[in-house]
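Residues per chain are reported as follows:
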Amino acid sequence: MAGGAIVNTGGGKEYPGKLTLFVFLTCVVAATGGLIFGYDIGISGGVTSMDSFLEKFFPEVYRKEKKDTSTNQYCKFDSQLLTTFTSSLYLAALIASFLASAVTRMFGRKWSMFGGGLVFLVGAALNGAARNILMLILGRILLGIGVGFANQSVPVYLSEMAPAQLRGMLNIGFQLMITVGILAANLINYGTAKIKGGWGWRISLALAAVPAGIITLGALFLPDTPNSLIERGHPQEAKEMLRRIRGTDDIHEEYNDLVAASEESKLVKHPWANIIQRKYRPQLTMAILIPFFQQLTGINVIMFYAPVLFKTIGFGDNASLMSAVITGLVNVFSTLVSVFTVDKLGRRKLFLQGGFQMILCQIIVGTLIAIKLGTNGEGHISKTYAAFMVFFICAYVAGFAWSWGPLGWLVPSEIFPLEIRSAGQSINVSVNMLFTFIIAQAFLAMLCHMKFGLFYFFAGWVVIMTTFIALFLPETKNVPIEEMILVWKAHWFWSKFISDDDVHVGNVEMSNGSKSKSVV
Ligand code: BGC
């Protein structure tokens, strides 16, 4: 069965302990790192559609928009400077994520989060007080550095704190916070756009300080993870912490495994050289392709530019921001669907269903725009017609929100063996940021040149990635991370890359002393 390997995980390793209130609260605080990322994603689109903001910083775009109402709708907002404002953050985040992985390893996850939060605060202040484009872009670069640090340390922190059997759900907590951040930004933009004096955008940008303040202060109170404590030579504190977060004294087995894992990872001097070995080819491929594909769904066209996009297809100012709020709500609630189903339905079903839904909706939206605006971008869209379009855009967002959104972060984080986990996570974050940057930078020009065909372009990519998942991604639900190698070994394609010697099934001893069952 293509990609459908099933590992018999009955009786798989389970450590004693439960989800304690303490660990739940620490995970909620840590996940607010996602809130800042989301706020950034959501805020720029609304701000760049506000007249007062355009007039102050991008007067040319503003003049063009005002003058050109009768001409090509597709190209009204095409300005490299305007896209640089949005995309500069992601380039900074890409570079910062490499730096952050060293800080996270040497000083612990909490100081990485704290540092990221602080830089964020300064960025928010600069942006809110911006007098010129330089201050604006500098502020965004600082926010980007904050995002780089948060996205590197938060998922690692969550996975290390969470009890193994709830790792998937808590991981999606990070994505849930991203969507809440996007929604909060959309709502704030909706409110501040109405401020008469033309300074509403300042509030939107400065309010990034709120989630930044939460993670900065929160990080101060967060305990470090047992893994990090062991790694940095504090075994006694690590033991205490493990007891506290698991709510039991019976932590010896997990503790010993953590020590063993730490010893093993110390032996690997060059994780970057290690990861290119043939036996890691499946994980490396996923670490590169999953974040790449996630961005090629075209989701950030909606997330960054929904108000601009809705304006382009003929909505008024208010209606376009309102539509961004609607898509933001759909994004949050549809993410909840994956929180509750991911461990039951599995990753593959969500990926495939979400993919089909996105393809269908993108083709419909592209066609609806083509019918009204054609290739010359001239035409008027009625209210009913527009509502129809918003409906399909929402259905597309929903499809993304229970598939590629959360799974784009979850799957790469659960497939790496420990010795290449940190290198793998860096690749995942940086590929994600690189393609977020490229899409953000290219979108307005693409819309201008490809017109409604842009939606067909992304639909084409979703066809490719859905086929890829169907053929090449094995199901990973309920498979303990330590046994993941068996999933690859059983796969029709990836098994070629893994020799029998690479599968140390003996390492995968069950808690009752029996060995892991073979792969079906
Ligand atoms: C992606 C972001 C996207 C967001 C939308 C995240 O998983 O990485 O690029 O904007 O989902 O909810």
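Our subject is the structure that appears above.
Attention in this report is confined to the structure presented alongside it. (Residues numbered from 1 in each chain as written. Predicted model: local features only at pLDDT ≥ 70, side-chain atom pairs only at ≥ 80, totals over all residues. Heavy atoms only, no water.)

Remarks on the overall build of the protein
In terms of regular secondary structure, the protein is built from 22 helices and zero strands. Within the protein, the fraction of its 520 residues that count as buried is 58%. In the protein, of all internal contacts separated by at least 6 residues, the share reaching a separation of at least 24 is 81%. Just so you have it, the protein exposes about 20,000 Å², and 67% of that area is on carbon and sulfur atoms. (Helix = DSSP H or I, 4+ residues; strand = E, 2+ residues; numbered from the N terminus. Buried < 20%, exposed > 50% of the residue type's maximum accessible area, 1.4 Å probe, protein only. Contact = heavy atoms within 4.5 Å. Areas by Shrake-Rupley, 256 points an atom, 1.4 Å probe, with all protein chains shown as cover.)

With respect to the packing of helix 20 (residues 418–450) against helix 21 (residues 453–472)
For the pair helix 20 and helix 21, the least separation of the axes is 8 Å and the interaxial angle reads 125 degrees. For the element pair helix 20 / helix 21, the angle class is oblique. Mapping the contact onto sequence places Ile439, Phe443, Met446, Leu447 and Met450 in helix 20 and Gly453, Leu454, Phe457 and Phe458 in helix 21. Classifying every residue of the contact of helix 20 with helix 21 by side-chain character gives eight nonpolar, one polar and no charged. (Axes fitted to C-alpha atoms, helices over the stretch in contact; angles between N-to-C directions. Parallel < 35°, antiparallel > 145°, perpendicular 65-115°, else oblique. Nonpolar A, V, L, I, M, F, W, Y, C, P; charged D, E, K, R; others polar.)

What about the nonpolar core?
Counting residues in hydrophobic clusters, the biggest one holds 145 residues, and the most contacted among them are Phe53, Phe58, Met286, Trp404 and Met433. No other element matches helix 20, which puts 14 residues into this core. Each residue touching Met286, except ones within four places of it in the same chain, is listed here: Pro291, Ile415, Phe468, Phe472, Leu473, Trp488 and Trp494. (Core = buried A, V, L, I, M, F, W, Y, C linked by side-chain atoms within 4.5 Å.)

Let's talk about helix 1 (residues 21–47)
Taking 1.5 Å per residue, 27 residues should reach 39 Å; helix 1 reaches 39 Å between its end C-alpha atoms and fits that length. Counting buried residues in helix 1 gives 21 out of 27 residues, a clear majority hidden from the surface. (Expected span 1.5 Å × (residues − 1).)

Describing the pattern of salt bridges
Inspection of every chain in the model, using the stated rule, returns nine salt bridges. In this structure, the salt-bridge partner of Glu231 is Arg109, at a minimum N-O distance of 3.8 Å. Pair noted here: Glu231 is in helix 10 (residues 226–231) and Arg109 is in helix 5 (residues 109–128), with a separation of 122 residues, a long-range link. Using a relative accessible area of 29% as the deciding quantity, one classes Glu231 as partly exposed. A salt bridge links Arg246 to Glu254, with the nearest nitrogen and oxygen atoms 3.0 Å apart. Assigned by exposure class, Arg246 and Glu254 land together as buried. Each of Arg109, Glu160 and Glu231 takes part in salt bridges that share partners, so that together they form one network. (Salt bridge = Lys/Arg side-chain N within 4 Å of Asp/Glu carboxyl O.)

Considerations on the site of the ligand
Taken together, 13 residues form the shell around the ligand, and within it Gln175, Gln294, Gln295, Asn300 and Asn331 come nearest. A distance of 2.7 Å separates an oxygen atom of the ligand from a polar side-chain atom of Gln175. Contact distances for the ligand include 3.0 Å between an oxygen atom and a side-chain N or O atom of Gln295. Secondary-structure elements contributing two or more residues to the shell around the ligand are helix 7 (167–192), helix 14 (281–296), helix 15 (299–312) and helix 19 (404–415). With three residues, the single largest contributor to the shell around the ligand is helix 7. A class-by-class count of the residues in the shell around the ligand yields five nonpolar, eight polar and no charged. (Near = heavy atom within 4 Å. Polar contact = N/O pair within 3.5 Å; in protein donor to acceptor, adjacent residues only side chain to side chain.)

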